[in-house]
Amino acid sequence: MSDETKDKIKLMEKEKKQIKPEEKSVDPATIKMLYKAQADGVETIFDRAENMKPCPIGIQGTCCKLCSQGPCRLPLTKKDIEGKDTRQGLCGATPETIAARNFARMVAAGAAAHSDHGRSVTEVFLAAARRESPDYDIVDEKKLRAIAPDFGVAISVTVDDVETPRGKYEIAVEVGEKALGEWGKQHGEIYYAKRAPKARYDLWKKLDIIPRGIDREIVEIMHRTHMGVDQDYENIVKQCFRAALADGWAGSMIATDLQDVLFGTPHPIHGEINLGVLKEDHVNIVVHGHEALLAEMIVVASRDPEMVSYAKSKGAKGIVLAGMCCTANEILVRHGMPIAGNYLQQELAIVTGVVDAMTVDVQCIMESLANVCACYHTKLITTNSRCKIASGETIHVEFDEHNALTDAKKIVKIAIDNFPNRKGAAMIPREKEKMVVGFSYEAIEYNLGGTFRGSYVPLNDNIINGRIRGIAAIVGCNNARSMHDNAHLILAKELLKNDVIILTTGCAAMAFGKAGLLTPEAAKVYCGPGLAEVCETVGIPPILHMGSCVDNSRMLSAASAVVAAGGLGNDPSDLPLAGCAPEWMSEKAVAIGHYFEGSGVYVIFGAGLPVDGAPVFKDYLFNGLEKVVGGKWDVAEDPYEMARRMLAHIDKKRKALGIDKARDRVLMDMADRQKLSAG
Amino acid sequence: MSKLVAFAAIQGAYNIVSKAEGKLKKTLEKYGPEQKLEFPNTAYYLPIIYSILGIPVKTLADAKKPMEICRGLLPSHIKNVYHLPYLGPLLDAGMAAILAEEIVEAIRYIEDPGFYLTSEEIDEASGKIWLGAAEDVIFRKRGIEFVDGSAPGFAAIVGAAPDPETAKKIAEEYQKKNLYVFMAGNQNGTTFSEQLLEAGVQIGWNTRLVPFGPDISAAVFALGFANRAAMAFGGVQPGDAKKMLLYNKDRIFAFVNALGDVGAEWAANAAGCVNWGFPTIADTDIPEILPTGVCTYEHVVANVPHDQMVQRSVEIRGLKVTVADVPVPVAYGPAFEGERVRGEDIYLESGGGRTEAVEWVTTKNINEVEDGKVEVIGPDLDQLTPPAQLPLAIVAEVAGRKMQEDFEPILERQIHHLINYAQGLMHIGQRDIAWVRISKAAVDKGLRLSDIGRILHAKFHQDFGAIFDKVQVKIYTEKKKVSELLTKARAVYAKRDARIEGMTDETTDTFYSCTLCQSFAPSHVCVISPERTGLCGAYNWMDCKAAFEINPTGPNQPIPKGDMLDPKLGQWKGTNDFVLNASRQKIAQVSLYSMMVDPMTTCGCCECIAAVLPMCNGIMTVGRDYTGMTPCGMKFTTLAGSAGGGAVTPGFLGHSKYNITQRKWLSGDGGLLRLVWLPKMLKDELRERLHKRCEEIGIPDFIDRIADETIGLTEDEILPFLEEKKHPALTMESILE
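The rules behind the values
- Residues numbered from 1 in each chain as written.
- Chains lettered and ligands numbered in written order.
- Predicted model: local features only at pLDDT ≥ 70, side-chain atom pairs only at ≥ 80, totals over all residues.
- Helix = DSSP H or I, 4+ residues; strand = E, 2+ residues; numbered from the N terminus.
- Rg over C-alpha atoms; globule rule 2.2 N^0.38 Å.
- Buried ≥ 20, exposed ≤ 12 C-beta atoms within 10 Å, placed from the backbone.
- Contact = placed C-beta atoms within 7 Å.
- Nonpolar A, V, L, I, M, F, W, Y, C, P; charged D, E, K, R; others polar.
- Pairing = 2+ DSSP bridges.
- Domains from an automatic or database assignment.
- Axes fitted to C-alpha atoms, helices over the stretch in contact; angles between N-to-C directions.
- Parallel < 35°, antiparallel > 145°, perpendicular 65-115°, else oblique.
- Core = buried A, V, L, I, M, F, W, Y, C linked by C-beta atoms within 7 Å.
- Bend = angle between axes of the 7 residues up to and from the residue.

Draft legend 1. Spatial organisation of the overall build of chain A. For chain A, the helix and strand inventory stands at 29 helices and 18 strands. Scaling as 2.2 N^0.38, a compact globule of 679 residues should have a C-alpha radius of gyration of about 26 Å, and chain A matches this with 25 Å. For chain A, the spread of C-alpha atoms along the three principal axes comes to 95 × 70 × 50 Å. Looking at chain A as a whole, 58% of its 679 residues are labelled buried.

Structure follows, in structure tokens:
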């Protein structure tokens, strides 16, 4: 390298803007670790976001790189807005076609990610059902029996009028086979489509958007968006619905259900969150990514007395297993395992200097982890054949469901062996918060009425009587382009103040956890009087943590249950309900948003949506679709504005339902009772 | 502050379940597992456990399983901070407490057999004032009042009022609103029931003020009553807990009044009741639970002043009670119907063999009637010295454009209960066998004979205003006048009876429906024809006709018969179409004359249930007053449990007593000639009319060929008797074909 070049690099490095941690996150632990990273000379995503702007054409969704004649860049200019929009690519593709194709490929990638996760779960489930995988078992038989009929699997046999229940493994094998078939199915409908309220199912049928099979719909998006195929944005969006619904109502939903059967359906449980859960005198293992399969085994391995005493032999007082991202959510909601942090904290966990190993499985894993690990002693371990990291000194321990516990122990051992290698000054922020989590669809039902009266009726009742104004789903990621956790918290507090109950998953849930919003005590502090009273009656936090991002499927089940409980219309689009992802960043979020929309829900995203360069297509997504599917897309980068629009939507639905005014108490006489329907 | 309630209730449930476990263990050691564990004379075992868990507990050993379930239902204690949700666990804890208490109360029947009196009435003289579990005969009789709306619900009062006077006020206010009051528990040893006795209030099933027991656990008798009603009248299957509880929430308008300090065990019971949708309204400052959902409205409401207790409770439960405003100086309502006037209390007595007495409703020309006019001809109460006796004639003269002669007996039959509803006025019988007693207390309050007229005027207008315009009442107490009227009335009675006798199903094109019981049994539809009175015995064709005139959108609708489809079975196109619609598409075809082919639905209100006896090739029937075993292997109450609830059950059919002597009774299956077994008491009750029918069918001694319980209780036992008597059923075609 010439001296001139060296000088240039030096100059560039000098010009790199230094971030101000307080402007990057509202989370004190994150701020502290950013200072430590700066002091340690470690670059993080926060620094890169400061110094690298997003592509100005990509952000509009109008860069087409589908063939080698391009990339064709079609930015929206003033001229296109005021005059006739004459933009086209070499092949003649309009900005609408290009943006729709780009959008569709995001849906495809997101659906693929969730669904491929679901496939792995199903394979392990089947192995457990066939007793081929000694470390896994059918744990939640009740749930197995509840879901089997949805796959057309009988849970009992009747011979000569005598009904005998079938064995759990027998049922599980059949369920597993039927479930696995959902990926490769070419015709007909996915089984779970019928779980949707009848009005929704009928609409899907009418629109011809019921997914045939999971893989097929994703492949078809890839085909249609190939150069020179689908050039009608409405037709492309239609296929997006098929793939997205295949995600929400099949890939993700099967993942959730079968994980519940394998590991137990979540019920309310205590947890702790933030980097403060790490302990300096313990071996710290962070499991990061999205799957529960291996993490479940690492939970077992980390509690193994043999492993604990091995850790002690290395001078540690014990083993801390902490989660990160959705793998964390999976083991949190089932075992109360602590969470180190959400997506934007993954590098910062290593910056503490006390993480002896970080294992990763799939999704949302930053390649920069390898570089950060190189600055400390942390071992980075990839575990999934789909996700390897070439950078740094990453170790690969491939997870095999037939030897799951052995693999898990191998990982724990690597961490323990690494404990003595810690170097430099460690610093663990004190911050950690308590939380109450684990609100599966089933848990909500139970907690609203107990073993004998469990039902969603009390929720509906309090929506109808106005104590609860509506329901918001706040899901999604962190995004380095906006202040970490900030939009989540502002939005949530605005909604709670207005008596909107919140359902949450993923990294959004963690933002709430860190801010103490996932405690029952938060209800009195943040909620309007109506919601506070309901929370007090049931004993719940005002925000219900339902799990990981595949567990957004639980929200679909809950919405269907709310419809079924009655009094709020007959379709999810009738409900005073809005969904949002204020700090989204991954393609999975787009798939989720689209399946919510296809299920009739108003969906609003923060952090923009790459469709601004194609105004006609954007208008179709944001306005035109409401008439077709009942749901629609929207974007608001300001969380206060987002809250305003969600409330406006909720109020619109309340008005349509006629529950915008106080209702008189109905006193029943005999004639009223005689009119009650049978049932 | 639901958290405090949850905290206390869960604590209370632990206490209750632990004590119950201890008690069960000790009792098992003392009496052994085979010891019977039961409530008296019921087909519903321990009814809460049976209905919620589907477990028929018959012995001490059988109680072990439900006890384990109670333990399993107990949730973790509630932490003060960062607690887990508690509403679901709270309800489970409440249910555990209730189920455990039912076992405890059943054990009391073993350990202290005389503690509860199995009766409708208390025996105050011998100190037996606790009635415990109602046997099925009482339960059915009273349950029907919930079904037909004459009792809109019940208040379960636990604890005690601050003083007897307040207790009396609250109780009387519920009585005036027609609600039952079920009493349990005590406040530092004082009970609401004893307070009422102290204040001179009659308690017992007859006055709707039921003293179940002195402990909070006696609340299970109230819940058990409600669940039996759901099983017997609503057809809810044992073990279908969710349906059972929702049924109670939607259809049984009950609630709890907690009077006095609410401890942990009371809280557990209150939580248990919330499972049923029964809220708690308290007079003390306890934490409230106001959001709705499990109950229809609020769950726990506190600090309600005693003078607002009744009104607030009814509102919180979402119940509308329309109370007749009757301008008399004594309290008035169905709750006073069963009150007795005895011995020393009697001020005046008329009829009942002491003097002549008669009641008569007659139609007059509209110009002859001055609406609301009441005349007493002869001495009134203030002119007498107790104990007095007087002849009595009560004559109501009605007029109106829609009034028909056929409606006279309908109005006349009302006189019995309308008069009885007045506190301090007792009425028995009807027509020329009427018997009236008036108490000293009532006269003290200012009651006069003219008030009888005011009652009839007010109530006739309220309930039957649609069929007449004017009514005036004359009350005669002069011997000569009464004798005259008696002769006149008897002539009219004879004419009426002859007319009814002549009516047949063929002489009319219109039948009537009765869906009154759909409040409890939503698919039940009674089709009532001149020759088939309603299965409850309360509605005949004429009653329905009048009821339709009175309320054209009510439960009695005309059914045009339409084309006859099957003369033998009694099927018409019109009746089938009507039933399909009225049963909410559950039943497409119905026979009026057969229990074998498309029989009519049976609701739990039926007076009798007929069942096929295949070996005898005949039919038996049993009335609900008969508690013994029958040749079909089931007691009445078991039969009603399996055939009631609005179900169609070929081979079984509910019917009225009177119906047995009507010509079309089961004529499609062979009619009266098939009748091979009948309880003696029913035979005696119907003897006169039965005898007439026997002559009509040409076998005058047929009645003596029917077996009863003195002959046998199984088919094997009665068959030789039937053979000996050459019972015609034995030679008829097979009943099963």
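Draft legend 2. Here's a closer look at the overall build of chain B. Per the secondary structure count, chain B includes 21 helices and 23 strands. Its C-alpha atoms put chain B at 80 × 70 × 45 Å along the principal axes. With 737 residues in all, chain B has 56% of them scored as buried. Across chain B, the fraction of contacts at a sequence separation of at least 24, relative to all contacts at a separation of at least 6, is 75%.

Draft legend 3. Highlighting the interface of chain A and chain B. The interface of chain A with chain B comprises 40 residues on the first partner and 42 residues on the second. Residue assignment for the side of chain A that touches chain B shows that the elements contributing at least two residues are β12 (433-437), α18 (441-447), α19 (450-453), α20 (457-464), α24 (529-538) and α29 (670-675) of chain A. For the side of chain A that touches chain B, the element with the most residues is α24(A), which contributes five residues. Split by residue class, the side of chain A that touches chain B holds 17 nonpolar, 13 polar and 10 charged.

Draft legend 4. Seen up close, the pairing of strand β12 (residues 425-428) of chain B. Direction of pairing for β12(B) relative to strand β13 (residues 435-439) of chain B: antiparallel, over a ladder of four bridges. Across the sheet, residue Leu425(B) finds its bridge partner in β13(B), namely Ile438(B).

Draft legend 5. Region of the structure containing the domain arrangement of chain A. Residues and elements named next belong to chain A. Domains assigned within chain A are domain 1 (17-58), domain 2 (95-263), domain 3 (275-421) and domain 4 (433-657). A C-alpha centroid distance of 24 Å is found between domain 1 and domain 3. Between domain 1 and domain 3, the residue contacts involve nine residues of the former and 12 residues of the latter. If you tally residues by element for the side of domain 1 that touches domain 3, the top one is helix α3 (residues 28-40), at six residues. Partitioning the side of domain 1 that touches domain 3 into residue classes produces five nonpolar, two polar and two charged.

Draft legend 6. Molecular detail of the packing of helix α11 (residues 233-263) of chain A against helix α26 (residues 587-598) of chain A. Residues and elements named next belong to chain A. Remark: α11 packs on α26, axes separated minimally by 8 Å, with the N-to-C direction vectors making an angle of 100°. Judged by the inter-axis angle, α11 sits roughly perpendicular to α26. Across from Cys240, Phe241, Ala244, Leu245, Asp247 and Gly248 in α11, the residues of α26 making contact are Ala591, His594, Tyr595 and Gly598. Of the residues in the contact of α11 with α26, the class split is six nonpolar, three polar and one charged.

Draft legend 7. A look at the sheet that holds strand β16 (residues 577-581) of chain A. All names here are of chain A. If you trace the six strands from one edge of the open sheet to the other, you get β15-β14-β13-β16-β17-β18, paired in parallel fashion. Here the strands that pair on one side only, and so sit at the sheet edges, are β15 (543-545) and β18 (632-635). Geometrically, the sheet is characterised by an average inter-axis angle of 25° between neighbouring strands, direction not taken into account. Pairing of strand β14 (residues 500-504) with β15 involves three bridges; the strand directions are parallel.

Draft legend 8. Structural detail: the nonpolar core. If you look at the biggest cluster of nonpolar residues, it comprises 483 residues, and the most contacted ones within it are Val107(A), Ile298(A), Ala9(B), Val181(B) and Ile609(B). With 18 residues, the top contributor of residues to this core is α11(A). Ignoring anything within four residues of it in the chain, the contact list for Ile609(B) reads Thr621(B), Val622(B), Phe636(B), Leu639(B), Ala640(B), Ala643(B), Phe652(B), Leu653(B) and Gly654(B).

Draft legend 9. Here's a closer look at the environment of Cys326(A). Residue and element names in this part refer to chain A. Note on placement: Cys326 falls in helix α14 (residues 325-335). Note on Cys326: 33 C-beta atoms within 10 Å, which makes it buried. With residues up to four places along the chain from it excluded, the contact list for Cys326 reads His290, Gly506, Ser548 and Cys549.

Draft legend 10. Looking closely at helix α19 (residues 680-696) of chain B. The sharpest bend along α19(B) comes to roughly 75°, located at Arg687(B). Positive backbone phi, at 85°, marks Gly698(B), one or two positions downstream of α19(B).

Draft legend 11. Structural context of the packing of helix α4 (residues 87-111) of chain B against helix α10 (residues 264-275) of chain B. Residue and element names in this part refer to chain B. Contact geometry for α4 and α10: axes closest at 7 Å, N-to-C directions at 105°. Comparing their axes, α10 and α4 come out roughly perpendicular. Facing Leu90, Leu91, Ala93, Gly94, Met95, Ala97 and Ile98 of α4, the residues of α10 in contact are Ala268, Asn269, Ala271, Gly272, Val274 and Asn275. Each residue belonging to the contact of α4 with α10 can be placed in one class, and the counts come to nine nonpolar, four polar and no charged.

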